Amino acid sequence: MVKELLLNLTHGLRRAGGPLFLLVTLAYGLRDTVNTELVILLYVYALLGLAIYVPMILTDQVSLAYAAYAGIGGYSVAVLSASNVGAFWGVPIGVVLAGATAFLVALATSRLSSYFLAVGTLLVAIAFGRFLLQQADLTGGADGLTFTRQIFGIPVSTTALLIVGAVMIWIIVFALESLRRSEMGKGLHLMGGSRPAAESVGLNTVRFRILSLIFGAAIASLAGSLLAFSRGLVLPDSFHLELAFLILFIPLLGGKHTPWGCLVGSALLVYVLEVARSFGPGKLLYGLGVLACVLFFSGGIAERLGSALSALESKLQSKKIQTRDETPGVGVVPQPAEAERRETVSMNKVREAAASSPRPLIARGLSKTYGGVTALHDVSFELLQGEILGVVGPNGAGKTTLIDVLTGIQTGDSGEVVLQGNRLEGGASERALAGLSRTFQHPQLSGELTVGENIGLGLLRLHTSRSWIGMALQMMRSMFPTVKSGRDANDPITIEIGRKIGIEGLCEDMASTSFGTEKLTEIGRALISQPSVLLMDEPFAGLGKSEIDRVVDAVERWRQNALGVIIVDHNIDLLSGICDRLLVLDSGIVIACGRPSEVFSSPHVQKAYFGRE
Amino acid sequence: MNELVIPILVTGSITALAALSFQLIFRATGGIFDFAVGQYVVLAGMGSVFLSSETGLPVPITVGCGILFATIAALASETGAIAPLSRLYRTTGAFGPVLGTVALLWVWEQTARLLFGDRPLIGKPFFADVRFAATGLRFTAHQLIIILSAVVVLVAVHLWLEYTRPGRLLRAVGDNRRASEVLGLAVGKARVLAFLGAGIIAGITGVLAGPLSGLAPLSGVAFLISGFVALFLGGSGKTLGAAVGALVLASINIIVSRYLGAAWKDYCVLALALVIFALRPQGIVAPTKRRPS
């Protein structure tokens, strides 16, 4: 009885800890007017933490402009309050201005490493601070702007702001929680780890990075507006660079695996800042404390509490199960019939397409040079329907470059690629959407997801939008609580693919699996969306005999349905066995192409491989 | 002419030194940007001025002590925080260590405040009464020392990185930490060397900049910003990049301040940075890329 109660309690705390904490802070704020301002400040920090949650935690980008975006929100309210437009309209206008600024900076830096974003946004923060001081007519300069806190003539009380803040946090946390669980969110997470992998499942990483930064800037602007309303005053000091640095720690201190962590992190921050203010070297302790947190609680405090609770829970649960009858597993029972039906439909589509084009992939005159080195020179070939084409050649022959140029990871200097009669344009994500799927020499998977979830990410290819608006809508849709979570180990399609490739343990964490499983998982991710043409970069490298057999089985089975497969590998014996034709590259030039036996009798090949004329 | 060229050269030299200090750490750690470098500069600058005014020790000793402070701070940052963080976060990229360096920024800022006080300390220029005039330019001995020091340090670091064993070790470790470990290279030692070098360079920057405008605990942010921007404008992979980026940045700052007013310089730097990032992301001086395998 007691155990039951304890179990319910820990389970409840783990599930509802965040909302409960929000309610506690709200109650604390409502109790006393002195507390109200403090709790509103806490909410402002929490909102700023949530603002950088998507760009920083999901897609791994460091932006230092979020204090400036908050400033834009705050100053919009203050400036418009003085005019006859009214303070309220400052909120949406601030959101638009902050979003537009974020868009411009992100656009200029989006193709580069996140450091360029950090430099660009650092300069935005400085320029914004300069603007506030310089345009004193508009912004009041160093003294800031004071305004009467009213919306449409009705005075705004701090209590009302407190409640609005709490509701905003609640809504945004739930939106982010849904996003994180959704297929889209997992795709964004993959993007943070490996851009080529995200591109290979059809995500336009440049645009999604920009969109996530804009989304964050909008929330930051709302936080700034809330701060402005709560004080009836905006000051340049409230939004300077130090705040931008502080914000970075909020999700990290609280715990990055749930957006609720931002609330916990900001509570910690506000509390420590209050303490620090009260005695001298407080900031030194604060710096050391933050350092210690980063070092010793790398997952954040909320995380630690959560995992402690779940450990307790499973301890209690294991005792309980012994006294109970066996209960069936929680997972959804797979429905092979339905999976089969869905698969047949898509297979039919592929077959129809195959019937209409006997040469699904044609490459004409592909060339690529790096600096002065020619990696590909005038490479042309055709992939015949249903065939497996092997690409071989000595080290540095241009094999991987060929796959990169075909899939659009690298832009070729000249030449064209035609897939089922359509000339392929654009980057890797567009080509993935058009029907090219690939695997990588070094598997590029998300270590924080399970094997099944990683495989399921391949399905993004089937329903990712090509337009800006479509992508934005797709992200927004994923934030509604009604959104389905991404495919996981219990999904019938995932199970089916897993069975075909021969992966056991779809529920295992990707980080704890073997190299062979990683390779097979990537193949699963590439195959689950039924691509027209599959490109594999060294699928056998580093695999043992039994794993090689499984890959060969999977490819053999796949060829019956697919338009074609291109495999790059060193293992010529193996490729001769499974490929219909081989393409031999040497120093970027095609020196032979044909059936394996023909190719090996070619004098050019003999020379390249054995040094004989 | 005189009012433009000398300030550009002087500010450019100081910025180039700061950028070089960042760059050494950036290259040896494979992409960690140490936000605390500006604070090492401040510790050296404030420390040397504090010592000479409090104890009256001769200038060479106080200057040496200032550089020592910066070096100690840099080495302590690496061994106490950045190296453990790099081990902890090796799978998730350079993100965790970078946040750690932001915390270090506060730690050293407060240390400077506790040791040397809150107010700006302005040092005495070296050889204050010696002036030169050449080809129509007039400059003080201190300005000449700054420019020459920057040139000497840049050349020395370039030669060290390109032609000596420790320098090559440092580059190898930064290029590919895992491969270096597999090859049995002393990864930890290479990083310590880089932080040692960065600390000394930051120290030189501090003692040279101290007499120009005065340094306070909060001045570190200015070095952080100028060094960071100069490094990425010029290109982070080459020693020359730091110098070119710093000169470009200094030229904009001084020319724009003079003709358009000081307020415009921040906007111009932002605009230029965005244009360069969009059009020439590898920076003005790009390393010659070898063919990826």
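Residues numbered from 1 in each chain as written. Chains lettered and ligands numbered in written order. Predicted model: local features only at pLDDT ≥ 70, side-chain atom pairs only at ≥ 80, totals over all residues.

Bringing the overall build of chain B into the picture now. For chain B, the count of helices and strands is 11 helices and 2 strands. Moving toward the C terminus, one meets the helices and strands of chain B in the order α-α-α-α-β-β-α-α-α-α-α-α-α. For chain B, whose C-alpha radius of gyration is 19 Å, the value lies close to the compact-globule estimate of 19 Å for 293 residues. Seen along its three principal axes, the alpha-carbon backbone of chain B occupies a region of about 55 × 45 × 35 Å. A buried classification covers 53% of the 293 residues belonging to chain B. Here the analysis covers contacts within chain B between residues at least 6 apart in sequence; of these, 73% occur between residues at least 24 apart. (Helix = DSSP H or I, 4+ residues; strand = E, 2+ residues; numbered from the N terminus. Rg over C-alpha atoms; globule rule 2.2 N^0.38 Å. Buried ≥ 20, exposed ≤ 12 C-beta atoms within 10 Å, placed from the backbone. Contact = placed C-beta atoms within 7 Å.)

For the rest of this paragraph, the subject is the confidence of the model for chain A. Residue and element names in this part refer to chain A. For chain A, the mean per-residue pLDDT works out to 81, and 87% of the residues sit at or above 70. Confidence, expressed as mean pLDDT per element, reaches its minimum in chain A at helix 15 (residues 336–356) with 48 and its maximum at helix 10 (residues 205–231) with 93. For residues 323–347, every residue scores under 50 in pLDDT, and the model assigns this stretch 14 contacts once sequence neighbours within four places are set aside. (pLDDT = per-residue confidence, 0-100.)

Either a parallel or an antiparallel arrangement is found when strands of a sheet pair, and the pairing is made through backbone hydrogen bonds. Residues and elements named next belong to chain A. One open sheet holds the 6 strands; their spatial order is 10-11-12-7-13-14, and the pairing between them is mixed. Because the sheet does not close on itself, it has two edges, and the strands there are strand 10 (436–439) and strand 14 (589–594). Here the strands of the sheet are splayed against their neighbours by 15 degrees on average, with no regard to which way each runs. With 5 bridges joining them, strand 13 (residues 581–586) and strand 14 adopt antiparallel strand pairing. The residue of strand 14 that forms the bridge with Leu 585 is Val 590. Sheet strands touched by helix 21 (residues 515–527): strand 10 and strand 11 (533–537). Its angle to strand 10, the strand with the most contacts, is close to 175 degrees. Strands in contact with helix 22 (residues 545–559) are strand 7 (387–392), strand 11 and strand 12 (564–568); relative to strand 12, the strand with the most contacts, it is inclined by about 150 degrees. (Pairing = 2+ DSSP bridges. Axes fitted to C-alpha atoms, helices over the stretch in contact; angles between N-to-C directions.)

What follows deals with the packing of helix 5 (residues 141–163) of chain B against helix 8 (residues 187–213) of chain B. All names here are of chain B. Direction vectors running N to C along helix 5 and helix 8 enclose 165 degrees, while the axes themselves pass 10 Å from each other. If you check the angle between helix 5 and helix 8, you find them roughly antiparallel. Handedness of the crossing formed by helix 5 with helix 8: left-handed. On helix 8, the residues that touch His 142, Ile 146, Ser 149 and Val 153 of helix 5 are Ile 201, Ile 204, Leu 208 and Pro 211. For the contact of helix 5 with helix 8, the residue count by class is 6 nonpolar, 2 polar and no charged. (Parallel < 35°, antiparallel > 145°, perpendicular 65-115°, else oblique. Left-handed = near helix turned anticlockwise from the far one by under 90°. Nonpolar A, V, L, I, M, F, W, Y, C, P; charged D, E, K, R; others polar.)

With that settled, consider the interface of chain A and chain B. Contacts between chain A and chain B engage 40 residues on the former and 40 residues on the latter. Of all the secondary-structure elements, those providing two or more residues to the side of chain A that touches chain B are helix 4 (90–109), helix 5 (114–134), helix 11 (241–254), helix 13 (282–296) and strand 6 (373–383) of chain A. Per element, the largest residue contribution to the side of chain A that touches chain B is 11 residues, and it comes from helix 5 of chain A. Broken down by class, the residue content of the side of chain A that touches chain B amounts to 28 nonpolar, 8 polar and 4 charged.

Looking now at helix 2 (residues 37–55) of chain B. All names here are of chain B. With 19 residues, helix 2 extends 27 Å from end C-alpha to end C-alpha; this agrees with the ideal 27 Å at 1.5 Å per step. Of all 19 residues that make up helix 2, 16 are buried, and the element is covered over most of its length. Once helix 2 finishes, Gly 56 follows within two positions and takes phi at roughly 70 degrees, a positive value. (Expected span 1.5 Å × (residues − 1).)

As a general feature of sheets, a regular strand has side chains that alternate between the two faces. All names here are of chain A. For strand 7 and strand 13, the ladder comprises 4 bridges, and the chain directions are parallel. In the sheet register, Val 392 faces strand 13, and the bridge partner there is Val 584. From the end of strand 13 to the start of strand 14, which pair antiparallel, there are 2 residues, and Ser 587 there has a positive phi angle of about 50 degrees.

Residue and element names in this part refer to chain A. In space, the 4 strands of this open sheet follow the order 6-5-8-9, with antiparallel pairing throughout. Each of the sheet's edge strands pairs with one partner strand only, and the pair in question is strand 6 and strand 9 (422–423). Across 7 bridges, strand 5 (residues 361–370) lies against strand 6 in antiparallel orientation. Bridge assignment links Leu 366 to a residue of strand 6, and that residue is Val 379. Strands in contact with helix 16 (residues 399–407) are strand 5, strand 6 and strand 8 (414–419); relative to strand 6, the strand with the most contacts, it is inclined by about 65 degrees.

What follows covers the nonpolar core. Within the largest apolar cluster, 269 residues are counted, with the highest numbers of intra-cluster contacts made by Leu 47, Leu 48, Tyr 66 and Ala 223 of chain A together with Val 229 of chain B. Of the residues forming this core, the biggest block, 18 residues, is contributed by helix 2 (residues 33–58) of chain A. When neighbours within four sequence positions are excluded, Tyr 66 of chain A is seen to be in contact with Leu 48, Ala 51, Ile 52, Gly 216, Ala 220, Ala 244 and Ile 247 of chain A. (Core = buried A, V, L, I, M, F, W, Y, C linked by C-beta atoms within 7 Å.)

Let's shift gears to the packing of helix 3 (residues 59–88) of chain B against helix 8 of chain B. Residue and element names in this part refer to chain B. Running from N to C, helix 3 and helix 8 cross one another at 145 degrees; their axes reach a closest spacing of 7 Å. Between helix 3 and helix 8 the crossing geometry is right-handed. Residues belonging to the contact of helix 3 with helix 8 are distributed by class as follows: 15 nonpolar, 6 polar and 2 charged.

All names here are of chain A. The terminal C-alpha atoms of helix 22 lie 21 Å apart, and with 15 residues this matches the ideal 21 Å at 1.5 Å per residue to within 8%. Among all positions of helix 22, only Val 551, Ala 554 and Val 555 are buried. Projected down its long axis, helix 22 shows its buried positions confined to an angular sector of 95 degrees, all on one face. Those residues of helix 22 that are exposed and angled more than 90 degrees off the buried face are Lys 545, Ser 546, Asp 549 and Glu 556. (Arc of directions from axis to C-beta.)

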